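Structure assessment
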Amino acid sequence: MTLRHAFVLVVCAFAVFPILFVLSAAINPMGTLASTELLPTGASLNNFANLLTSDTYPFGRWFFNSVFIALASSFASLLLSMFAAYAFSRMRFAGRRVGMMALLLIQMFPQFLAIVTIFMIFTEVTELYPAFGFNTAWGLLLLYLGGALGVNTWLMKGFLDTVPKELDEAATVDGATHAQIFWRVIMPLVTPILAVTALLAFIGTMSEFLMANVFLRDPESKTLAVGMYGMIAGDHRNANFGMFAAATLITAVPTVGVFLWLQKYIVSGLTAGAVKG
Amino acid sequence: MALDVREAAPAGTRGRPRREITTAFVVSRIVVLAVAAAILLYAVPPLVATGSWVALGLLCGVSAAIAYLYLTRRFIPAKYLIPGTVFLVAFQVFPVVYTLTTAFTNFGDGHRGDKAAAVTAIETGSVRQAPGSPEYTLSVATRGEELVFLLVDPATKQVSLGTADGLTPLDGARVGVTGKVLAAPGLTVLKAPEAAARGQEITALAVPTGDGVIKANGLSRAVEGKAALVYDAACDCVRGNGGTWTADESQGYFVNARGEHLAQGWQVNVGLDNFARVLTNPTISGYFAGVLGWNLVFALVSVLGCFALGMGVALALHHPRMRGTRVYRILLILPYAMPAFAMLLVWRDMFNRDFGLINQLLGAEIDWLGQTGTARLGVLLVNIWLGFPYMFLVTTGALQAIPRELTEAASIDGATPFRAFRRVTLPLLLVALTPLLISSFAYNFNNYNAIALTTDGGPFPADSPQVGGTDLLITYTFRLAFGAGGAQFGFAAAISVFIFAIVAVISAVAFRRTRKQEEVYA
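Residues numbered from 1 in each chain as written. Chains lettered and ligands numbered in written order. Predicted model: local features only at pLDDT ≥ 70, side-chain atom pairs only at ≥ 80, totals over all residues. Heavy atoms only, no water.

For chain B, the helix and strand inventory stands at 18 helices and 15 strands. For 522 residues, the compact-globule estimate of 2.2 N^0.38 gives 24 Å, and the C-alpha radius of gyration of chain B, at 33 Å, exceeds that figure by more than 25%. Along the first, second and third principal axes, the C-alpha atoms of chain B reach 110 × 75 × 45 Å. Here chain B, with 522 residues, has 45% of them falling under the buried criterion. In chain B, once contacts between residues fewer than 6 apart in sequence are set aside, the share between residues at least 24 apart is 58%. (Helix = DSSP H or I, 4+ residues; strand = E, 2+ residues; numbered from the N terminus. Rg over C-alpha atoms; globule rule 2.2 N^0.38 Å. Buried < 20%, exposed > 50% of the residue type's maximum accessible area, 1.4 Å probe, protein only. Contact = heavy atoms within 4.5 Å.)

Right, let's get into the sheet that holds strand S12 (residues 230-232) of chain B. Residue and element names in this part refer to chain B. Strand order across the open sheet formed by four strands is S12-S13-S14-S15, with antiparallel pairing between neighbours. Sheet topology places S12 and strand S15 (253-255) at the edges, where each strand pairs with a single neighbour. With direction set aside, neighbouring strand axes in the sheet form an average angle of 35 degrees. Helix H4 (residues 115-125) contacts S12, strand S13 (237-240), strand S14 (243-248) and S15 of the sheet and is inclined by roughly 140 degrees relative to S12. (Pairing = 2+ DSSP bridges. Axes fitted to C-alpha atoms, helices over the stretch in contact; angles between N-to-C directions.)

All right, on to the interface of chain A and chain B then. Contacts between chain A and chain B engage 107 residues on the former and 107 residues on the latter. For the pair chain A and chain B, the two sides together bury roughly 10100 Å², of which 78% comes from carbon and sulfur. Where chain A packs against chain B, one counts zero salt bridges. Between the two partners, chain A and chain B, sit eight residue pairs in polar contact (both at pLDDT 80 or more). Looking at the side of chain A that touches chain B, the element that brings in the most residues is helix H1 (residues 2-27) of chain A, giving 15 residues. Along the lines of polarity and charge, the residues of the side of chain A that touches chain B split into 75 nonpolar, 21 polar and eleven charged. (Buried area = accessible area lost by both parts, 1.4 Å probe. Salt bridge = Lys/Arg side-chain N within 4 Å of Asp/Glu carboxyl O. Polar contact = N/O pair within 3.5 Å; in protein donor to acceptor, adjacent residues only side chain to side chain. Nonpolar A, V, L, I, M, F, W, Y, C, P; charged D, E, K, R; others polar.)

Below, the discussion takes up the packing of helix H3 (residues 59-90) of chain A against helix H3 (residues 76-102) of chain B. Each pair of packed helices can be described by the angle between their axes along with the distance between the axes. At their nearest, the axes of H3(A) and H3(B) sit 8 Å apart, and the two run at 140 degrees to each other. Here H3(A) lies oblique to H3(B), going by the angle between them. The handedness of the crossing between H3(A) and H3(B) comes out as left-handed. Here A:Leu80, A:Phe83, A:Ala84, A:Tyr86, A:Ala87 and A:Phe88 of H3(A) come into contact with H3(B), specifically with B:Pro77, B:Tyr80, B:Leu81, B:Pro83, B:Gly84 and B:Phe87. Across the contact of H3(A) with H3(B), the residue classes break down as eleven nonpolar, one polar and no charged. (Parallel < 35°, antiparallel > 145°, perpendicular 65-115°, else oblique. Left-handed = near helix turned anticlockwise from the far one by under 90°.)

Moving on to the environment of B:Ile66. Residue and element names in this part refer to chain B. Position of Ile 66 among the secondary structure elements: in helix H2 (residues 53-71). Between the C-alpha atoms of Ile 66 and Leu 331, which are 265 residues apart in sequence, the distance is 46 Å. When near neighbours in sequence (up to four residues on either side) are disregarded, Ile 66 contacts Ile 82 and Val 86.

Another point: a nonpolar patch on the surface. Taken together, A:Phe119, A:Met120, B:Phe94 and B:Tyr98 make up a surface patch of nonpolar side chains, about 360 Å² in accessible area. Elements with a minimum of two residues in the nonpolar patch: helix H5 (115-128) of chain A together with H3 of chain B. Within the secondary structure, B:Tyr98 sits in helix H3. (Patch = residues over 30% accessible without salt bridge, like charges linked within 9 Å, V, L, I, M, F, W, Y side chains within 5 Å. Areas by Shrake-Rupley, 256 points an atom, 1.4 Å probe, with all protein chains shown as cover.)

If you walk through the whole model with that rule in mind, you get 36 aromatic pairs over all chains. Their ring planes at 55 degrees and their centres at 6.3 Å tell us that B:Tyr68 and B:Phe75 sit as a pair that is tilted. With a relative accessible area of 36%, B:Phe75 lands in the partly exposed category. Aromatic ring contacts, followed pair by pair, group A:Phe17, B:Trp347, B:Phe351, B:Trp368 and B:Trp385 into a single cluster. (Phe/Tyr/Trp six-rings, centres within 6.5 Å; stacked < 30°, edge-to-face > 60°.)

Between side chains of opposite charge, a pair can form when the charged atoms approach closely. Overall, the coordinates contain four salt bridges over all chains when judged by the stated rule. Its salt-bridge partner being A:Lys157, residue A:Asp161 comes within 2.9 Å of it at the nearest N-O pair. Here A:Asp161 pairs with A:Lys157, and both are found in helix H7 (residues 151-161), just four residues apart, close to one helical turn. With relative accessibility at 14%, the residue A:Asp161 sits in the buried group. In this structure, B:Arg221 engages B:Glu135 in a salt bridge whose closest nitrogen and oxygen atoms are separated by 2.2 Å. In this pair, B:Arg221 is assigned in strand S11 (residues 221-227) and B:Glu135 in strand S2 (residues 135-143), connecting sequence segments 86 residues apart. Residue classification places B:Glu135 among the partly exposed residues on the basis of a relative accessible area of 32%.

All right, on to H2(B) then. Since there are 3.6 residues in each turn of an α-helix, residues three or four apart along the chain are aligned in direction. Residue and element names in this part refer to chain B. Here H2 spans 27 Å end to end across 19 residues, near enough to the 27 Å set by a 1.5 Å rise per residue. By the burial criterion, the buried members of H2 are Leu 56, Ser 63, Ala 67, Leu 69 and Tyr 70. Buried residues of H2, seen end-on, are gathered within an arc of 165 degrees and therefore sit on one face of the element. Seen from the buried face of H2, the exposed residues on the opposite side, beyond 90 degrees, are Trp 53, Val 54 and Leu 58. Those residues of H2 that are buried are in contact with helix H1 (23-50) and H3. (Expected span 1.5 Å × (residues − 1). Arc of directions from axis to C-beta.)

The next thing to look at is the state of the cysteines. For the coordinates displayed, the defined rule picks out one disulfide over all chains. The thiol of A:Cys12 is not disulfide-bonded; the next cysteine sulfur, from B:Cys306, is found 16 Å away. (Disulfide = S-S within 2.5 Å.)

Next up on the list: the nonpolar core. Judged by nonpolar contacts, the single largest core of 156 residues is most densely connected at A:Met82, A:Val190 and B:Leu332. Counting residues per element, this core draws most heavily on helix H13 (residues 372-401) of chain B, which supplies 15 residues. Here this core gathers at least three residues from each of two domains, domain 1 (25-103) and domain 3 (279-519) of chain B. One finds A:Ile121, A:Leu216, A:Val226 and B:Ala43 within the second-largest nonpolar core, a separate group that totals 26 residues. (Core = buried A, V, L, I, M, F, W, Y, C linked by side-chain atoms within 4.5 Å. Domains from an automatic or database assignment.)

Residue and element names in this part refer to chain B. On average, residues of chain B score 80 in pLDDT, and 93% of them are at 70 or above. Mean pLDDT values over the elements of chain B span from 73, in helix H8 (residues 282-286), up to 91, in helix H9 (residues 288-317). Across residues 1-16, where pLDDT falls below 50, the model places 15 contacts with residues more than four positions away in sequence or in other chains. (pLDDT = per-residue confidence, 0-100.)

Its volume calculated, the second largest pocket comes out at about 790 Å³. Breaking the lining of the second largest pocket down by element, the ones donating at least two residues are H1 of chain A together with H9, helix H14 (404-412) and helix H15 (417-445) of chain B. Here the lining of the second largest pocket is built from residues that sort into 13 nonpolar, seven polar and three charged. (1 Å grid on protein atoms, 1.4 Å probe; cavity = no way out; pocket = protein on both sides within 12 Å on 5 of 7 lines; lining within 4 Å. Points joined across faces, edges and corners; volume = space filled by probe spheres on them.)

Our next topic: the pairing of strand S10 (residues 212-216) of chain B. When a strand is regular, its side chains alternate between the sheet's two faces. All names here are of chain B. Most of S10 is tucked away, with four of its five residues classed as buried. By the bridge criterion, four bridges tie strand S9 (residues 206-209) to S10 in an arrangement that is antiparallel. When the bridges of S10 are listed, Thr 209 appears paired with Gly 212. Here S9 folds back onto S10, and the loop between the two strands holds two residues. Following S10, the chain reverses through four residues before pairing antiparallel with S11; Gly 218 in that reversal takes a positive phi of roughly 80 degrees.

A few words now on the UniProt feature "transmembrane region" (unreviewed entry) in chain B. Residue and element names in this part refer to chain B. As annotated in UniProt, the feature "transmembrane region" (unreviewed entry) corresponds to residues 21-44, 50-71, 80-98, 287-315, 327-347, 377-403, 424-443 and 489-511 in the numbering used here. Note that residues 327-347 is 90% helix and 0% strand, and that its end C-alpha atoms are spaced 25 Å apart. Summarising residues 424-443: 100% helix, 0% strand, and an end-to-end C-alpha distance of 29 Å. (UniProt positions renumbered as here; feature names shortened; annotations may be inferred.)

We note that the domain assignment places domain 1 (25-103), domain 2 (129-230) and domain 3 (279-519) within chain B. In this structure, domain 2 of chain B and domain 3 of chain B have C-alpha centres spaced 60 Å apart.

Another point: the confidence of the model for chain A. Residues and elements named next belong to chain A. With 88% of its residues at a pLDDT of at least 70, chain A reaches an overall mean of 81. Here helix H15 (residues 270-276) stands out as the element of chain A with the lowest mean pLDDT, 37, in contrast to H3, whose mean of 90 is the highest. Ignoring residues within four places in sequence, the model shows residues 269-277, a span with pLDDT below 50, making 15 contacts including any to other chains.

Take a look at the structure:
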């Protein structure tokens with residue numbers, strides 16, 4: 001047990017020390033790159049205050065955009081990939097294996113390279129349906145949902161495979177439809193993996209930068225990733241480092257919040273209980 | 001009850017279940033139809049307005065198929081797969097396929113449009129004022145959304161309206177003392193700052209006349225000029241300036257006898273040229289092997305390092321008597337919770353030789369990102385730092401799915417904890433995680449951000465600024481394709497096909513090796 005603690009503590013130290021550096025830069029009143037050290041001389045919350053009251057950077061707006069997009073997209077993609085995982089895990093149909101391989105293969109194409117095409121598609125969409133075009137959260141959401149299947153589906157399918165099939169067979173015998181089995185039997189049992197994937201999807205969307213950078217040009221529509229990159233791009237890098245560090249810390253808050261919220265589901269071993277029953 | 005239910009056997013063979021129509025059934029069908037109808041109502045009018053009949057047909061076809069799918073009781077797997085697949089096809093598969101088709105073209109700077117656009121650009125770009133041609137006083141106005149010219153002939157004081165269609169006389173305009181038009185019926189005359197803001201549009205507008213075009217020269221004068229270069233359809237060539245440039249359909253350029261071409265070209269199909277260029281161009285293929293080698297190491301070490309570290313802590317915490325797991329989990333997840341792109345930039349600063357944190361802590365003066373060896377070590381360290389919490393989370397999730405009974409049974413049978421892990425836990429974990437490991441490999445193989453935001457491919461040797469010590473194929477090729485030479489989308493797409501092929505082959509091999517496992521456990 002001591003060994004376990006020692007090992008985990010070492011890894012924790014590795015995990016935390018760059019974050020301490022950011023923390024130190026954020027409360028360092030000098031706020032420039034050259035003056036950063038792990039233990040700052042003197043501390044103030046000036047960087048946070050400057051950030052939140054800044055006229056140049058609508059930080060609150062970025063924050064809201066990011067959280068909204070991340071919550072909406074992780075919820076929707078969770079549902080879509082859970083549907084697909086249920087079909088792949090529980091049903092046998094023509095093209096099942098091919099479908100799963102295709103999912104994996106499509107994910108391997110360097111998505112970044114399709115960015116020119118995506119740009120052209122959404123130029124068209126912006127003209128036809130401005131509500132789903134550039135500078136809108138909805139357009140970006142649609143784009144993110146394109147990747148909703150893929151890795152998450154595999155992760156959930158792997159988990160579903162370990163949930164005993166006898167459970168849904170028993171439900172079928174009792175006259176349940178496939179939809180009832182999905183919502184009433186499967187969904188409650190897969191909460192741990194739902195929690196994990198929800199968290200992964202949330203984090204992934206929060207720090208997604210490339211697509212958002214193409215998509216969101218208008219300062220009001222930017223997400224944290226796009227906005228913050230602008231803060232230290234080019235000449236601003238040294239001057240804004242303190243504010244940037246403060247922004248980095250604030251960005252992490254919702255993610256940690258989601259994690260704390262989902263922690264109990266991640267921890268609980270519901271499936272083990274189901275087998276015993 | 002149980003009589004009309006088929007045997008509880010393979011799920012795929014289920015016949016049509018005989019069941020009564022429930023309220024839930026009716027309500028869910030109505031909801032599906034209502035959503036489909038709402039989407040149609042929203043999406044159709046703009047398509048009709050712009051006459052996009054192909055898109056309209058596609059939309060109606062897909063909607064009809066979906067409605068049919070959800071109204072029958074058959075195709076049950078499809079009911080679950082379609083929602084995600086629609087998005088996948090529209091925003092993932094289609095862009096990829098489209099990108100692949102551009103690999104066979106010369107799409108890029110100088111080759112963006114079709115031939116007609118190139119001819120127009122060449123002709124209007126070469127307009128020179130003909131000697132003795134009239135010079136007009138120009139006012140810029142808008143007619144609705146359209147930008148138009150109001151031209152006053154200084155000699156006759158006649159006001160004309162110039163549009164892209166031609167020149168028409170205009171009556172009722174009020175001309176000021178400077179000779180510029182102040183107001184005209186049905187038109188909004190732009191003030192100087194407004195006009196200046198639309199400078200590009202103004203420069204682009206060419207008003208065709210009998211034997212030339214009228215173009216703006218600044219914001220208040222317009223001159224009639226003639227195109228020095230004129231396209232002649234008879235010989236499919238451009239003449240003028242004492243030369244002839246013949247259209248070369250294989251290059252998408254107008255080329256003259258000396259082999260020189262005009263700057264403006266058009267998009268043509270170049271077949272396998274882009275692919276051949278990757279293989280035969282010495283600057284590109286020369287470094288390919290070296291970059292590929294490091295790229296493989298980077299992806300493998302990233303994945304295995306993250307997995308080993310992540311699984312290690314997940315296993316350490318996965319013990320009923322472990323205390324403080326809540327706090328540990330939060331600390332371990334922190335690197336993943338921080339915005340990745342920001343932390344990459346922070347790490348770059350921590351590696352800085354003069355005022356970086358790492359050198360300060362070590363009391364050293366190591367130029368971390370300035371030497372190939374330490375730079376590679378650095379980016380790997382950063383990437384593992386960023387990636388291991390993901391593996392930790394995923395393994396934690398997968399560990400929950402393994403019934404404790406299995407490991408308990410193993411220990412009752414006398415297996416040591418290590419043996420129980422090796423023979424029971426790890427194989428079960430790998431069933432769930434192999435696909436993730438493989439896709440994580442693919443992700444890291446193309447991890448553009450990890451390199452671009454830390455070292456940007458560097459350090460670069462003095463003799464070759466093209467390829468740096470930490471360059472991955474994707475950063476290296478992006479520099480070639482989008483770098484100083486201008487955008488070459490077709491060429492970039494061809495390179496991505498190569499990258500895709502390499503990743504796909506490696507993944508397929510990895511999959512074959514683990515496939516048997518899945519058959520056993522799934």
